[in-house]
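# Residue-level structure breakdown
Here's the letter readout for the chains.
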Amino acid sequence: MDNLRGALLMVLAMLGFAIEDMFIKMVSDTVSVGQILMILGTGGSVAFGTVVLMQGQRLFEPAMLSRPILLRGFGEVIGTVSFVTAIALTPLSSASAILQATPLVVTLGAALFLGEPVGWRRWSAILVGFTGVLLIIRPGMEGFTPLSIFAVVGVLGLAIRDLATRRAATAVTTMQLSFLGFLVIIPSGIALMLVTGTPLVALDLRTGGGIAAALFIGVFAYYGIVAAMRVGEVSFVTPFRYSRMIFALVIGVAVFNEQPDMPTLIGATIIIASGLYTLFRERKQRFTPLSSLPIAPVPR
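These notes cover the structure that comes with them. In this text the structure is predicted, and so the values were computed from the model without any measurement. (Residues numbered from 1 in each chain as written. Predicted model: local features only at pLDDT ≥ 70, side-chain atom pairs only at ≥ 80, totals over all residues. Heavy atoms only, no water.)

## What to know about the overall build of the chain
When helices and strands are tallied, the chain shows 13 helices and zero strands. Since a compact globule built from 300 residues should have a radius of gyration of about 19 Å, the 19 Å found for the chain is in line with a globular shape. Counting only C-alpha atoms and orienting by the principal axes, one finds that the chain spans roughly 65 × 55 × 40 Å. Residue burial in the chain is summarised as follows: out of 300 residues, 46% are buried. Considering only contacts within the chain whose residues lie at least 6 apart along the sequence, 87% involve residues at least 24 apart. As displayed, the chain offers around 15000 Å² of accessible surface, 72% of which is attributable to carbon and sulfur atoms. (Helix = DSSP H or I, 4+ residues; strand = E, 2+ residues; numbered from the N terminus. Rg over C-alpha atoms; globule rule 2.2 N^0.38 Å. Buried < 20%, exposed > 50% of the residue type's maximum accessible area, 1.4 Å probe, protein only. Contact = heavy atoms within 4.5 Å. Areas by Shrake-Rupley, 256 points an atom, 1.4 Å probe, with all protein chains shown as cover.)

Rendered as structure tokens:
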């Protein structure tokens, strides 16, 4: 029963993130990406900073200057700036489909840089998943859109963030990391505005309400993920993250009149199938009884 509740919370959180993306895309036609990031970073850091203080923790710890947490902040900036830019400039359905490749890149990075064992089955799944990304992007072909590279860079940034989180000091709590994650977005948004020469614009009722809704829903969606992981088993709950692709596809078609072509749909299916298989192999390896393992187990 706990797993079902965890799965439901995860699905609701993914719905929340898809709706947050919808509001970001809706306001991006009048508000620059830099200003959107600055506002979201300010609101999110205030929200999570308040939670940190209410839990009796400090906003800043000496451990926050450690290399993994600094690297995590770098990945957060690259990932968030790039993906929000992709949402603003490319179809929501294709950007969200490419985002689903993040777990595959994390698995790849864990093998290359953290020394985690990855066998030939998961290597194969990673390669197949990247084929799905290429189907969506289609470099060198007629359907290629250079702006889709922003989504790819976003995936790389978010993967760096997730990998660095695995090496973050345990003295820094999840809420403190969340506070820092939103905090570093503020100067990033300001810097983006300065580089692109986009000025601040006054927010009318529509744009102000859209950004407020994105912030409110995004914060609660994050809480939904945390609650889902605490209520249910991680290996059971995690696959339901891919429901975000379904919600993004529906919103893209219904709200923005997007018409994803067959290569995009096939590519998204390949990415999700590869990610689910990778999770399945990780779970199987994690729960294999020790008595059934050979003397020198081959990682899979």
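## Observations concerning helix 12 (residues 243–256)
Between the first and last C-alpha of helix 12 there are 19 Å, a value that for 14 residues agrees with the 20 Å anticipated at 1.5 Å per step. All buried positions along helix 12 are accounted for by Ser243, Arg244, Met245, Ala248, Ile251 and Gly252. Just past helix 12, the residue Asn257 takes up positive phi, approximately 55 degrees. (Expected span 1.5 Å × (residues − 1).)

## Topic: the environment of Pro103
With respect to the helices, strands and loops of the structure, Pro103 is situated in helix 5 (residues 102–113). Residue Pro103 is classed as partly exposed on the basis of its relative accessible area, which comes to 35%.

## What to know about unusual backbone geometry
The residue Arg138 is not glycine, and still its phi comes out positive at about 55 degrees. On the basis of relative accessibility, which here comes to 13%, the residue Arg138 falls in the buried class. Positive phi, normally seen in glycine, also occurs at Asn257, with a value near 55 degrees. With respect to the helices and strands, the residue Asn257 is situated in the loop between helix 12 and helix 13 (262–286). Judged by relative accessible area, Asn257 falls into the exposed class, the value being 60%.

## Observations concerning a nonpolar patch on the surface
There is a patch of nonpolar side chains on the surface, built from Leu8, Leu12 and Leu15 and spanning about 260 Å² of accessible area. Mapped onto the fold, Leu15 is located in helix 1 (residues 2–27). (Patch = residues over 30% accessible without salt bridge, like charges linked within 9 Å, V, L, I, M, F, W, Y side chains within 5 Å. Salt bridge = Lys/Arg side-chain N within 4 Å of Asp/Glu carboxyl O.)

## Considering the pattern of salt bridges
Scanning all chains against the criterion turns up eight salt bridges. Here Arg72 and Glu76 are joined by a salt bridge, their closest N and O atoms 3.6 Å apart. Taken as a pair, Arg72 and Glu76 lie in helix 3 (residues 67–89) at a separation of four residues, close to a single helical turn. The exposure class assigned to Arg72 is buried, which follows from its relative accessible area of 12%. Taking the shortest distance from any N to any O, the salt bridge between Arg161 and Asp162 comes out at 3.0 Å. According to the relative accessible area criterion, Asp162 is partly exposed, its value standing at 26%. A single salt-bridge network, built from bridges that share partners, covers Arg72, Glu76, Arg161 and Asp162.

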